[in-house]
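# Structure at a glance
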Amino acid sequence: MIKYVIRRLMMLFPVMVGVIFLVFFIISLTPGDVATIILGDGATEERIKDLREELGLDDPLIVQYGNYMIDLVQGDMGKSYSTGLSVAGEIKQRFPNTFKLTITAIFLSVLISIPIGVISATRQYSIFDNIGMIVALIGISMPSFWTGLILIILFSLKLGWFPSGGMKGIMSLILPAFTLAIASTASITRTTRSSMLEVIRQDYITTAKAKGVSRRSVINKHALKNALIPAVTVIGLEFGVLLGGAVLTETVFSWPGIGRLMVESIQRKDTPMVLGCVIVFALSFSIVNLIIDILYAFIDPRIKSNYS
Amino acid sequence: MSDRTLSRKMIPATKKRSQALDVWKRLRKSNSAIAGLILIFIFLCLAVFAPLIADYENDALKMNIIERLQSPGADHWFGTDEMGRDIFARIVYGTRISLFVGVISVSIALTLGGTLGAIAGYYGGKIDNIIMRTLDVLLAIPTILLAITIVAALGASILNLMIAVGISNIPGFARVVRAAVLSIKDQEFIEAARAIGSRDHTIILKHVLPNSMAPIIVFATLKVASAIMATASLSFIGLGIQPPTPEWGSMLAGGRAYIRDNMYIVLYPGLAIVLTVLSLNLIGDGLRDALDPKLK
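Described below are features of the structure shown in this document. It should be emphasised that the depicted structure is a prediction, and the values quoted were computed from it without experimental measurement.

### Some thoughts on the overall build of chain A
- Scanning chain A from terminus to terminus reveals 13 helices and 0 strands.
- For chain A, the succession of helices and strands along the chain, N to C, is α-α-α-α-α-α-α-α-α-α-α-α-α.
- Based on the C-alpha atoms only, the size of chain A along its principal axes is roughly 85 × 55 × 30 Å.
- Per-residue burial for chain A yields a buried fraction of 48% across its 308 residues.
- In chain A, of all internal contacts separated by at least 6 residues, the share reaching a separation of at least 24 is 74%.
- The positive charge centre, built from 27 side chains, and the negative charge centre, built from 21, are 20 Å apart in chain A.

### Some points on a positive patch on the surface
- Together, K25, R26, R28 and K29 of chain B give the surface a local cluster of positive charge.
- Mapped onto the secondary structure, K25 of chain B falls in helix α1 (residues 2–29).

### What about the side chain of S80 of chain A?
Residues and elements named next belong to chain A.
- Within the secondary structure layout, S80 lies in the loop between α4 (61–73) and α5 (87–122).
- Taking the relative accessible area as the measure of exposure, S80 reaches 5% and is therefore buried.
- Here the side chain of S80 touches T83 through a polar contact of 3.1 Å, landing on its backbone nitrogen.
- With residues up to four places along the chain from it excluded, the contact list for S80 reads L85, V87, D270 and M273.

### Looking at the packing of aromatic side chains
- Taken as a whole and assessed by the stated rule, the structure comprises 12 aromatic pairs over all chains.
- Ring pairing ties together the aromatic residues F21, F24, Y65 and Y68 of chain A, which thus form one cluster.

### Considering the pattern of salt bridges
All names here are of chain B.
- One pass over the structure, following the stated rule, counts 8 salt bridges over all chains.
- Its salt-bridge partner being D128, residue R178 comes within 2.7 Å of it at the nearest N-O pair. On the criterion of sequence distance, the pair formed by R178 in helix α9 (residues 170–182) and D128 in helix α6 (residues 125–139) is long-range, its members being 50 residues apart.

### Observations regarding the interface of chain A and chain B
- Counting from both sides, the interface comprises 43 residues of chain A and, opposite them, 40 residues of chain B.
- D285 of chain B is the salt-bridge partner of R190 of chain A, the closest N and O atoms lying 2.9 Å from each other.
- Our count for the chain A to chain B interface comes out at 5 residue pairs in polar contact (both at pLDDT 80 or more).
- Elements with a contribution of two residues or more to the side of chain A that touches chain B: α1 (2–28), α6 (127–141), α7 (144–158), α10 (215–252), α11 (258–267) and α12 (271–299) of chain A.
- It is α7 of chain A that provides the largest number of residues to the side of chain A that touches chain B, a total of 8 residues.
- Split by residue class, the side of chain A that touches chain B holds 32 nonpolar, 8 polar and 3 charged.

### Some thoughts on unusual backbone geometry
- Following P243 of chain B, the chain continues into P244 of chain B via a peptide bond in cis, with omega recorded as 10°.
- Secondary-structure assignment places P244 of chain B in the loop between α12 (213–236) and α13 (248–255).
- Although it is not a glycine, Y125 of chain A sits at a positive phi angle of roughly 70°.
- When you line up the elements, Y125 of chain A lands in the loop between α5 and α6.
- Residue Y125 of chain A is classed as partly exposed on the basis of its relative accessible area, which comes to 48%.
- Located in the positive-phi region is S254 of chain A, a residue other than glycine, with phi close to 45°.
- Counting through the fold element by element, S254 of chain A comes out in the loop between α10 and α11.

Conventions we followed
Residues numbered from 1 in each chain as written. Chains lettered and ligands numbered in written order. Predicted model: local features only at pLDDT ≥ 70, side-chain atom pairs only at ≥ 80, totals over all residues. Heavy atoms only, no water. Helix = DSSP H or I, 4+ residues; strand = E, 2+ residues; numbered from the N terminus. Buried < 20%, exposed > 50% of the residue type's maximum accessible area, 1.4 Å probe, protein only. Contact = heavy atoms within 4.5 Å. Lys, Arg positive; Asp, Glu negative; His and termini not counted. Charge placed at Lys NZ, Arg CZ, Asp CG, Glu CD. Patch = residues over 30% accessible without salt bridge, like charges linked within 9 Å, V, L, I, M, F, W, Y side chains within 5 Å. Areas by Shrake-Rupley, 256 points an atom, 1.4 Å probe, with all protein chains shown as cover. Salt bridge = Lys/Arg side-chain N within 4 Å of Asp/Glu carboxyl O. Polar contact = N/O pair within 3.5 Å; in protein donor to acceptor, adjacent residues only side chain to side chain. Phe/Tyr/Trp six-rings, centres within 6.5 Å; stacked < 30°, edge-to-face > 60°. Nonpolar A, V, L, I, M, F, W, Y, C, P; charged D, E, K, R; others polar.

Shape is all these values report; function is a separate question.
Quick look at the structure:
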């Protein structure tokens, strides 16, 4: 087990080094001179030259990347071009908010989707199943920023139950978390249903039924456990969608997380901040997938036995 | 004699037709797939015949402050926006952009990702490893975030938007095509083609790909849906289609400030997104079931 975890951890490093290089490269394509952007059009040529030197902008890209990596290992992600504050500090301050939002959303979607998926599968083609699947498909097709606006109109402006934005207490968390949860709820429901359907037709389920095991026990102990493996995969993948969705949801609800920070930084052409945000997003996504892979080993002993 | 040549000619033709016909027959049985097809047909008509439905310059673009924020009615079916422009006209012209960007960006992803996936799957070994590990890096960044980063660097324009959405979907297509190629490359007819001395690219293009189209078509249909969603998302945060060009996502961004008293301003453009994406998802699901009846 430990061997497996270590092996998976080792795989994380080359990917992260690649991710940071890729993002670094993409962002370096930004047209315009960074020094001029920071100092403004009125700056003297001398000052621009000094600043270029200070930021190492005249070095080849690969050297800039190397320097960035050396700083990054020490927890330094550079300074914001627009505020001069430390990027790492700003992200550290904002990250818990995004974490709170996405964790609540994934928790909500698992809580809703697994039971609906299981019931739909055990009563295939019933009214519950048909309506459930139509609703799930509509859920997948709704863009989160629109859902967010509609929820604000209904529950905040018309009914006044929840605040329409900002982050003050638990009430302000509910609408954005639900907005974010809808799409992933829909796709986890669909996966749970289809993998349940596949498992239910297996011989060992027939055997269990023939032995006289109660229906509830067959579903919970024999079927669900095996059907969960694809569902867990989708939960991992959905986390990526969720992190992407956080950028939009945080914008709609003025939620002070790194998604909104990233959008604001893009508008201000604040390159180091954008770079920092993308790296943190990619790292969180990779870590979640690592956790999912380790979870597999717990759910499915066959995987564990491969590595022990 | 003439009978025999006739029948010999008939065999491949009938066989080909029956395969497509089979799929169509199964697809036709699915109510939801038909609903999807009808919906997308309506949107296609809106896109093609937009100039007959509304005047681009006068209805969709020209500001008309006197008529701003009018509720839906006989004059303006979906009301007017904060600049007095007809929302219905803007949605109709927005259809053109959404479908165009969706299809082009998926074509970019399919061409590049598909080529990489086919090469990786067909040759295997070291080449496979290098390609797939490189794509793992792209996969580690959530799709929409990758697209946002690319547009943020290149600048907001319709071309850059298509490039960004296209590139961010490359790894997905590479994986699907690779899996499809892997499942087929060891079959006997591929071996036979190799035995008679066909070149690799002929085998891949003429034998492997046509026989692994099913999952690729399904995936591409679903990806057009998510590309349309991505386009709207990027435009919503100001990184996609720039105002005043009518685009659904940027219409929502523009109308955001007025939702308190004019909810229709965000209702209809959003519904347009939901219905387009939904129709493509319905078709994709239906196609998956029709192409592979075992899965149902």
